[in-house]
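Geometric and topological summary
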Amino acid sequence: MEASSSLSMASDPQPGGSRRDLWLMIGLIALVLFGLAGLALATGWQETWDSLTSLTFLQFLLLLALSLVNYFGRAVRWHVFARTLGLNTKFWQDARHFMGGFAMSVTMQILMGTYFVGRFGSEEIKQRVLPGVVSGERGASLAITEPSGGSDVANLRARAVRDGDDYVLEGEKTFITGGMRSDFFVVAARTGGEGLAGISLFLVEAETPGFSRQPLPRKMGWWCSDTASLFFDGCRVPADHLLGPEDRGFLAVMHNFNFERFFMAAQCLGMMQACLDDAIAWARERKTFGKRLVEHQVIRHKLADMSARIDATRALIREIAWNINEGDMPVAEISKAKFFASKGLE
């Protein structure tokens, strides 16, 4: 049985647009290339490279690619894309090594940033937040990690105190994916005593007074997924922005983390397959001692071992996906799958 649902495509199989549209697209690409050449001449190649690897330009390239895909009749409708991508393990496998940052950005915006709004938000909040996020026009992030505690959710220090019709948030979050680009944040803060039972979730909008953010230094990779620190200094949030029951946010966060672990396992599987494909291609090309590497028995043993680990990981992930589709949440198996897949990738 196929465990994951297929990513929905546009129903019209015929290429869209007219010949004029095609020429307009070619003109747009040419304009971008001329612009890059002019930028290189004016500022130097190093500055041009920095611009090319910036988040904004990478996002532009993604949108341009989707536009080209749309022209040739294989567009992914954004609203369908947003609804189906979250539970589509095939996508996370195909993301592989060259799409890690993009996959993480989509995870945060489509799933982790909106999951709590969709499950606990009022209808008014859902209508204000979800359409813009799933259309790609706005962004959402999940703010859990703090400088003092990492992802140790039970020991969060950020605090929210009820004051009339508002909650007043004080504290700091860090390593927040999409933090500089998002318009909405689901923030975990302490409303009760210490430990698991005192944590609540709030929807905080970026323009809220008392909220500020700053980017973290440039990362080694995943550049199309920006990372930021968030600051809450007397940040007043309306009481109706409380997502779920007060002091009961810990279990909701843990439930969401199960999906994150599962997607990470699926992405590791895709990376494993990419490594095997590259290894086989190189083994067929490279020659030593008069034979291709693939003709040496020891190399074939290594490739067979890699393939067996991939098969085992894929079977485990598909079984978990099937159980989730049947309404179960096998927490222990999900955690083991993440461990097994990540060690297999190593």
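The paragraphs below set out a description of the structure included in this document.

1. Some words on the overall build of the protein
Counting its secondary structure elements, the protein contains 11 helices and 10 strands. The burial tally for the protein puts 42% of its 346 residues in the buried class. Long-range pairs, those at least 24 residues apart, make up 73% of the contacts in the protein between residues at least 6 apart in sequence. Summed over all atoms, the accessible surface of the protein reaches about 18600 Å², with 59% contributed by carbon and sulfur.

2. A look at the pattern of salt bridges
Across all of its chains, the model carries 11 salt bridges by this definition. Arg-128 serves as the salt-bridge partner of Glu-205, at 2.8 Å between the closest nitrogen and oxygen. Taken together, the positions of Glu-205 in strand E5 (residues 199–205) and Arg-128 in helix H8 (residues 123–134) put the pair 77 residues apart, joining distant regions of the chain. On the basis of relative accessibility, which here comes to 27%, the residue Arg-128 falls in the partly exposed class. Residues Arg-314 and Asp-311 are paired through a salt bridge, measuring 3.6 Å at the closest nitrogen-oxygen approach. Residue Arg-314 and its partner Asp-311 are both found in helix H10 (residues 297–325); the two are separated by three residues, about one turn of the helix. Each of Glu-124, Arg-128 and Glu-205 takes part in one network of salt bridges that share partners.

3. Quick word on the side chain of Glu-205
Here Glu-205 falls in the buried class, since its relative accessible area comes to 15%. Other than its neighbours up to four places away in sequence, Glu-205 contacts Arg-128, Asp-183, Phe-184 and His-241.

4. Description of the packing of helix H9 (residues 249–285) against helix H11 (residues 331–345)
One can describe the packing of H9 onto H11 by two numbers: an axis separation of 8 Å at closest approach and a directional angle of 30°. When the axes of H9 and H11 are compared, the pair comes out roughly parallel. H11 is crossed by H9, and the crossing has left-handed handedness. Together, Asn-258, Arg-261, Phe-262, Met-264, Ala-265, Cys-268, Met-271, Met-272 and Cys-275 of H9 and Val-331, Ile-334, Ser-335, Ala-337, Lys-338, Ala-341, Ser-342, Gly-344 and Leu-345 of H11 make up the contact between the two elements.

5. With respect to the environment of Phe-263
Its place among the elements puts Phe-263 in helix H9. Expressed as a C-alpha distance, the spacing of Phe-263 and Ile-334, which sit 71 residues apart in the sequence, is 9.6 Å.

The rules behind these values
Residues numbered from 1 in each chain as written. Predicted model: local features only at pLDDT ≥ 70, side-chain atom pairs only at ≥ 80, totals over all residues. Heavy atoms only, no water. Helix = DSSP H or I, 4+ residues; strand = E, 2+ residues; numbered from the N terminus. Buried < 20%, exposed > 50% of the residue type's maximum accessible area, 1.4 Å probe, protein only. Contact = heavy atoms within 4.5 Å. Areas by Shrake-Rupley, 256 points an atom, 1.4 Å probe, with all protein chains shown as cover. Salt bridge = Lys/Arg side-chain N within 4 Å of Asp/Glu carboxyl O. Axes fitted to C-alpha atoms, helices over the stretch in contact; angles between N-to-C directions. Parallel < 35°, antiparallel > 145°, perpendicular 65-115°, else oblique. Left-handed = near helix turned anticlockwise from the far one by under 90°.

Keep in mind that these numbers describe shape and distance, not what the molecule does.
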